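# Examining the three-dimensional arrangement
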Amino acid sequence: MTAEKPSEQSYNPHIPLSQALLLPRIVIENTRPTLDGGQFAVKAVVGREIVVTSKIFADGHDKLAVRIRWREEGEEGEEVWQSEVMNDQGNNGWEGRFRPQRMGRYLYLIEAWIDQFASFQYELEKKHLAAVPVSLELQEGRTMVQQAAERSEGQLSERLAALHHELSGLLETEQVALFLHPQSAQLMAEADHRPYLSISPEFPLDVERELAEFASWYELFPRSITDDPARHGTFNDVHSRLPMIQDMGFDVLYFTPIHPIGRSHRKGRNNSLTAGPDDPGSPYAIGSEEGGHEAIHSQLGTREDFRRLVAAAADHGLEIALDFAIQCSQDHPWLKQHPGWFNWRPDGTIKYAENPPKKYQDIVNVDFYAPEAIPSLWVELRDIVVGWVEEGVKIFRVDNPHTKPLPFWQWLIADVRTLHPEVIFLAEAFTTPAMMARLGKVGYTQSYTYFTWRNTKAELASYFSELNESPWRECYRPNFFVNTPDINPAFLHQSGRPGFLIRAALATMGSGLWGMYSGFELCESAPVPGKEEYLDSEKYEIRVRDFNQPGNIIAEIAQLNRIRRQNPALHSHLGLKIYNAWNDNILYFGKRSADGSNFILVAVSLDPHHPQEANFELPLWEMGLPDDATTHGEDLMNGHRWDWHGKYQFMRIDPAYQPFGIWRITAS
C-alpha cells in the first residue's frame, strides 16, 4: 500500500525527501481579491483598477521579484499574458494593480522568484557605504553579468557582453556605480532566469460593465400606464413616461412580467381567490393559450411595439430590464407540451406555490430534476433568456432565484454571458445570508438586500460596514430597493414625506445601485392592516396615478440621482465608512473616490417626525489634515457653500425641511 500524494492545498509533514525537494521555496499566501480559494470569480468592472495584495516571503534575506500576470479566460499561449510588477509594502506584504479593458472572464496569478542581481546590488551598496572591501563582490558581479550574457540571445546578449567588458576596465568605485545604475538592473532583469520560481494558483475575475455596479432602477407595471382603470395600458402608452423617468435620473426601466397571464385560479383584487371577469390577474401567473415565457401579453401590444419601446427607451438613456420568473400558471403551454417537467400529485393535480404564510394558488413550479426535465427544461430556459437578449434586453431581474437549483444558475449565467458578457442578472433573493452570497458567487451580478428592513442607526451602520468586508465585497453587489410591489416597508406607513426622503437618501448614497417601485415618488404607503403589503396592490389590478400630485418627491429624487452621477465616490457601495455623530438618531457616513479627489459626507436623520441635533467629527485624518485645519463644505442639494474650522462640528436636521445633508468636503 502506497501513501497518497499530498494535494497542493493540504499540509502533510510525512512526505518523502523527493517530494520535499519539489515544494516551493517561496511562499505566496493570503492573496486578495479571491473567493473561496479561486473556486468562484471575484466581481470587477471594466476599466476599473484591480488591486492585488499578497503575503510573499522566503527563507533568508535575498530580494524577491514579484509580478502579477493576467489574461482573458479562453485565450491560450504565453503571449496573451500581460504582467505588472508588484511592489514590496513591508512585512512580507506585496501589492500590484492592473486594469482589465474588456468585459468577460479573466484569470490572474502571481509569480515570485529570488532576484539574485537585486540581492547582489543591495549587499554591494551596504558594504560600499560602510567602507567594507568589495573586490570579491565585484568579481562575483562580473561573473553574474557574463553568465547572463551567455544565456541570452541577440541584442540583449550583446548589451550584456558590452556591460561586462566595460566593468572589466573600471576602477572599483566606478564599477560600484555602474553595478548600481538602474540601466544595469534593467538589463539583468531582462536576462533573469528566475531561480526558485513559485507560481500561485490562477484566480478568476468576472469583469462586467459599469452598469453592473452603478445604476438607478425604476420599476413599473406597463399595464398601469393608462388614464382609465378600465383600459389596459400598453407598450405604446409607456412612451409617455420615458421623459419623466429620464429626468429623474434613472438608467434602468424594469418591467414586471410582460407575458400572457393564465385564467385558471386567477387572483382577484387584494389577492382574493376569486377574480372578477375584468380583473387582469397577477403578471407572475405566466402562461396561457397565447404562449408562455417567450410570448407577450396581447393586451400590452405586439412584439414590434416592444421593439419600438426598447429603442425609444435607449433614446432616453434607459435600458429595459425584464422580469425572469420561472413559474407557470396552470394554463401554461408547458403543462400539456412537457408534463414531465412538473411534479404531479397522486390525484393528478400540481401543488401550487407557497411561501408561508403567502399562498400563490395561481402559480405552479417546474421540477428541475425531473427525469424528463434534464436537460430539456434547462436548455429551454436558457434559450428563453437568449431570445430576449436578441430583442435588445440585456438586464434581467430574476424572481426568487434561491428556490431554484444553484447548479442551474451557475450554468445558465455563464452560458449566456460567454456569448453576451454585457448581460446583467439581478437576484430577487430575500433569504439567508449564505444563500444570498452564494448566488453572487455562482454568477449573479447584483442582488436585493436586507436594506429594506434596516432602520436603526446600529442596524444600518452594521449592514453598510458588512457589505464592505470580505467575502461580501468580492461576491455581492447590493441593490438598495426602497420598496417593491411585494414589500411596503413598515417604516413608510406612518412616516409621511420625510420618511420617503430618508429612505431615498440612504439608498442613493449608501450604494452604487438602488431602485424604487412606481408610486414611491408619490409617497404611496397605504398598507394591508398589520402587514408590509400594499392595500389595493397593483399586482392584482390596474392602478392609475397622477404623477404630478402635490406632495411628491420627484424633484428630490432627480437631485439625488444627479449628485450620484456627478460624484465618483458614490458610484459603488465600496469605500463607505461610518463616522462619529453623537446622536443615535443620526447616521453619518462618508465615501471617497479611489484617488482621493472626491469626498462626500452624508448625514441622515432616522427620525421623520422631530428635529435632531448632533456634534460630529469631520474626518480630517482621511485627508491628511491636522485637527485644526480649515476645509470647504458644499451642500449638494442646494449649492450652499461655507468653511469648516477644525475637526469638531455641529449639525441640526429638521425633517420638515430636509431630513438629511449631503456635503462635499475639500481641503482649504
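Since we're looking at a predicted model, the values are computed, not measured.

### Points about the environment of V207
Mapping V207 onto the fold places it in strand 10 (residues 203-208). The class of V207 is buried, set by a relative accessible area of 0%. For V207 and Q327, which are 120 residues apart along the polypeptide, the C-alpha to C-alpha distance reads 30 Å. The residues contacting V207, other than those within four sequence positions of it, are A44, V45, V46, P100, R102, M103, G104, Y106 and R417.

### Considering the sheet that holds strand 12 (residues 252-255)
One open sheet accounts for eight strands, arranged 18-17-16-13-12-11-20-19; its pairing is parallel. For this open sheet the edge positions go to strand 18 (446-447) and strand 19 (479-481), each flanked by a neighbour on one side alone. Where strand 12 and strand 13 (residues 319-324) come together, four bridges link them in parallel fashion. Each residue of the ladder has a partner; that of Y254, found in strand 13, is A321.

### A short note on the environment of P407
Looking at the element boundaries, P407 is found in helix 12 (residues 406-419). Taking the C-alpha atoms as reference points, P407 and P568, separated by 161 residues in sequence, lie 36 Å from one another. Beyond its immediate sequence surroundings of up to four residues, P407 is in contact with Y369 and W378.

### So, helix 13 (residues 433-441)
By the burial criterion, the buried members of helix 13 are M436, A437, L439, G440 and K441. The elements touched by buried residues of helix 13 are strand 2 (42-45), helix 12, strand 17 (424-428), strand 18 and helix 15 (472-475). Remark: G443 follows helix 13 within two positions and exhibits a positive phi of approximately 140 degrees.

Thresholds, definitions, all that
Residues numbered from 1 in each chain as written. Predicted model: local features only at pLDDT ≥ 70, side-chain atom pairs only at ≥ 80, totals over all residues. Heavy atoms only, no water. Helix = DSSP H or I, 4+ residues; strand = E, 2+ residues; numbered from the N terminus. Buried < 20%, exposed > 50% of the residue type's maximum accessible area, 1.4 Å probe, protein only. Contact = heavy atoms within 4.5 Å. Pairing = 2+ DSSP bridges.

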